[in-house]
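Fold and geometry: a report
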Amino acid sequence: MEKGNVLVVGYAGVGKTTLIKAVLGEKAEKKVAGTGKTSKTCKDFQIYENPGISFRLIDTVGIEPGVFTEHKAVSAVKKWCGESIKNTDDDIDRISAIWFCVDKYTAKLFPKTIDSLMKAVSVWHNAPIIVVITQSYKESDTKPAQEIIEKAFLSKKKYATRLSEVMTVVAKPSTSEDGKITPPKGIVELIELTNSLLPEGYQAAEKDVAKYNLSRRRAMSHAVAAAATLAGVTLGVGAPPFADAMLLKPTETVAVESISKIWGIKKNKQSKEFMKKIIELGTKGEVGKMITSGLKMIPGLNIGAAIINGFVAGCVVFAVAEGATYIFEQVYSGKKTMEEPDWIEKIMEDKTARKVVDQMTDVVTNIPKNADQKDILDVILKAFTKKAMAL
């Protein structure tokens with residue numbers, strides 16, 4: 001499949017690389033951007049590619065505020081673009097679209113730097129531009145940033161037609177001190193928009209984009225599950241002897257609600273009841289009971305009471321979050337509905353609880369006998385985040 005190339009330009013520290021990994025996956029292929037003459041000036045430029053999607057992402061050197069540092073970075077981008085356009089025989093050197101990446105802080109600099117940024121990519125005068133506001137956790141922060149950027153483009157008539165859209169994204173989940181999880185957002189929309197802006201010969205079919213975005217929704221859901229699991233482990237380690245999974249209800253609730261947003265589940269009376277049933281299966285239902293009793297029956301389990309509590313708590317949260325991921329995917333794809341939710345009980349028990357007990361039993365029984373408490377906790381936490389644990 002022929003691919004379009006998207007040039008990713010932005011300020012240092014706004015999360016360009018994190019965004020790229022959210023769009024293309026952690027295991028995206030990576031190589032130096034450029035061949036021939038361009039390879040001499042692009043040591044800080046990297047190409048990321050996933051065979052499942054219609055475009056590559058070319059990450060450029062981050063722009064840092066300051067007259068000299070900004071000029072240096074912008075000049076590097078401009079030089080690379082200028083040399084790349086000479087190599088028109090190489091598909092890697094053609095740019096189909098551009099992402100300008102900013103956050104709520106650097107957006108304030110945009111009106112002053114828009115001329116420099118546009119000059120840097122001036123050789124690609126037909127490439128549409130998407131401005132991506134990263135780390136968009138609060139609308140109260142990102143809405144002013146969006147207005148600043150839109151006004152900056154509108155104030156320059158020669159640039160106004162280049163702007164395709166200003167998008168807000170969260171590339172990875174964020175957990176606040178009070179345990180609230182902000183799930184990833186805007187990623188699948190960014191993929192869809194970028195694909196639509198590519199030249200017709202490079203665009204992927206709508207069904208192929210939908211299939212790819214299904215994998216991105218799964219990955220984002222797994223990331224939320226990992227964040228919630230860590231919170232559950234922390235809660236369990238600091239709690240009294242773990243006898244009741246009700247302690248975890250707030251953490252599970254946040255995780256399930258966050259995952260439902262990733263799968264586009266609208267919040268209404270029906271979905272609230274549906275989510276409540278998922279959570280109750282973990283807090284006071286068979287899932288919580290199966291995991292609690294199953295893990296404590298592991299032969300020779302001797303890893304300290306506090307870590308056992310954290311381990312069991314993490315397993316319960318993990319099972320509920322990963323179960324919710326699978327369940328919401330079934331609803332999203334139209335294979336199941338929320339109208340008759342009895343089907344979720346079997347999934348939560350068979351597909352999550354039993355599998356989590358089996359997998360985590362293997363993890364614990366293979367911990368070296370001479371491992372100390374910290375080593376044991378590290379092994380357990382890593383096990384929760386392994387791709388193999390995805391249900």
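Summarised in this report is the structure supplied together with it. Bear in mind that the values here come from a model prediction, so they are computed numbers and not experimental data. (Residues numbered from 1 in each chain as written. Predicted model: local features only at pLDDT ≥ 70, side-chain atom pairs only at ≥ 80, totals over all residues. Heavy atoms only, no water.)

All of the buried residues along helix H3 (residues 110-120) are Phe110, Thr113, Ile114, Leu117, Met118 and Ala120. Each buried residue of H3 sits inside an arc of 145 degrees when the element is viewed along its axis, so together they form one side. With respect to the buried face of H3, the exposed residues turned more than 90 degrees away are Lys112 and Lys119. (Buried < 20%, exposed > 50% of the residue type's maximum accessible area, 1.4 Å probe, protein only. Helix = DSSP H or I, 4+ residues; strand = E, 2+ residues; numbered from the N terminus. Arc of directions from axis to C-beta.)

A contiguous patch of positive charge on the surface is contributed by Lys138, Lys180, Lys261, Lys267 and Lys272. In this fold, lysine 180 is placed in the loop between strand E8 (174-175) and strand E9 (181-182). (Patch = residues over 30% accessible without salt bridge, like charges linked within 9 Å, V, L, I, M, F, W, Y side chains within 5 Å. Areas by Shrake-Rupley, 256 points an atom, 1.4 Å probe, with all protein chains shown as cover. Salt bridge = Lys/Arg side-chain N within 4 Å of Asp/Glu carboxyl O. Lys, Arg positive; Asp, Glu negative; His and termini not counted. Charge placed at Lys NZ, Arg CZ, Asp CG, Glu CD.)

Taken as a whole and judged by the stated rule, the model has six aromatic pairs. Judged by centre distance (6.5 Å) and plane angle (70 degrees), the ring pair of phenylalanine 55 and tryptophan 99 falls under edge-to-face. One end of the pair, phenylalanine 55, is in strand E4 (residues 55-59); the other, tryptophan 99, is in strand E5 (residues 97-102), and 44 residues separate them in sequence. Under the relative-accessibility criterion, phenylalanine 55 is labelled buried at 0%. Judged by centre distance (5.4 Å) and plane angle (65 degrees), the ring pair of tryptophan 263 and tyrosine 332 falls under edge-to-face. Residue tryptophan 263 is located in the loop between helix H8 (249-262) and helix H9 (269-283), and its partner tyrosine 332 is located in helix H11 (residues 305-332); the two are separated by 69 residues in the primary sequence. Classification of tryptophan 263 by relative accessible area gives buried; the value is 1%. Given a relative accessible area of 38%, tyrosine 332 falls into the partly exposed group. Each member of the aromatic cluster is reached from another via a ring pair, and the members are Phe100, Phe110 and Phe153. (Phe/Tyr/Trp six-rings, centres within 6.5 Å; stacked < 30°, edge-to-face > 60°.)

How two helices sit against one another is set out by the angle between their axes and by the gap between those axes. Close contact between H8 and H9 brings their axes to 10 Å; oriented N to C, the two are set at 145 degrees. For H8 against H9, the interelement crossing comes out right-handed. Within the contact between the two elements, H8 uses Lys249, Glu252, Thr253, Val256, Glu257 and Ser260 and H9 uses Met275, Ile278, Ile279, Gly282 and Thr283. Considered class by class, the residues forming the contact of H8 with H9 number four nonpolar, four polar and three charged. (Axes fitted to C-alpha atoms, helices over the stretch in contact; angles between N-to-C directions. Left-handed = near helix turned anticlockwise from the far one by under 90°. Contact = heavy atoms within 4.5 Å. Nonpolar A, V, L, I, M, F, W, Y, C, P; charged D, E, K, R; others polar.)

The next subject is the sheet that holds E4. Here seven strands make up an open sheet; going across it, the order is E2-E3-E4-E1-E5-E6-E7 and the pairing mixed. With one partner strand each, in any of the chains shown, strand E2 (29-32) and strand E7 (163-168) form the two edges of the open sheet. Taken pair by pair, the neighbouring strands of this sheet meet at an average axis angle of 25 degrees, ignoring direction. Of the strand pairs in this sheet, strand E1 (residues 4-10) and E5 are connected by five bridges, and their pairing is parallel. What sits directly across from leucine 7, in E5, is isoleucine 98. Running at roughly 155 degrees to strand E6 (residues 129-133), helix H4 (residues 139-154) makes contact with E5, E6 and E7 of the sheet. In this fold helix H6 (residues 187-197) packs onto E1, E4, E5, E6 and E7, with an angle of close to 170 degrees to the strand it touches most, E7. (Pairing = 2+ DSSP bridges.)

The subject of this paragraph is a negative patch on the surface. A contiguous patch of negative charge on the surface is contributed by Glu286, Glu339, Glu340, Asp342 and Glu345. Classification of glutamate 286 as partly exposed rests on a relative accessible area of 36%.

Moving on to unusual backbone geometry. With a phi angle near 55 degrees, glutamine 135 is a residue other than glycine that sits in the positive phi range. The residue glutamine 135 is located in the loop between E6 and H4 in this model.

On to helix H12 (residues 343-365). Its 23 residues place the ends of H12 33 Å apart at the C-alpha level, agreeing with the 33 Å of an ideal helix rising 1.5 Å per residue. The largest bend in H12 amounts to roughly 25 degrees and is located at glutamate 349. (Expected span 1.5 Å × (residues − 1). Bend = angle between axes of the 7 residues up to and from the residue.)

Per the stated rule, a full pass over the model turns up six salt bridges. Residue lysine 156 pairs with aspartate 115 through a salt bridge whose shortest N-O separation is 3.1 Å. Pair noted here: lysine 156 is in the loop between H4 and helix H5 (157-160) and aspartate 115 is in helix H3, with a separation of 41 residues, a long-range link. Under the relative-accessibility criterion, lysine 156 is labelled partly exposed at 27%.

What follows concerns the pairing of strand E3 (residues 46-49). Of the two faces of E3, the one lined by Gln46 and Tyr48 and the one lined by Ile47 and Glu49 are each fully buried. Judged from the three bridges that link them, E3 and E4 form a sheet pairing that is antiparallel. Considered in E4, the bridge of tyrosine 48 is made with leucine 57. The antiparallel hairpin formed by E3 and E4 contains five residues in its connecting segment.

So, about the environment of isoleucine 181. Tracing the backbone through its elements, the reader meets isoleucine 181 in strand E9. According to the relative accessible area criterion, isoleucine 181 is buried, its value standing at 6%. Sequence separation between isoleucine 181 and alanine 255 is 74 residues; the distance between their C-alpha atoms is 7.1 Å. Those residues in contact with isoleucine 181 that sit more than four places away from it in its chain are Pro173, Ser174, Thr175, Val224, Ala227, Ala228, Val254 and Ser258.

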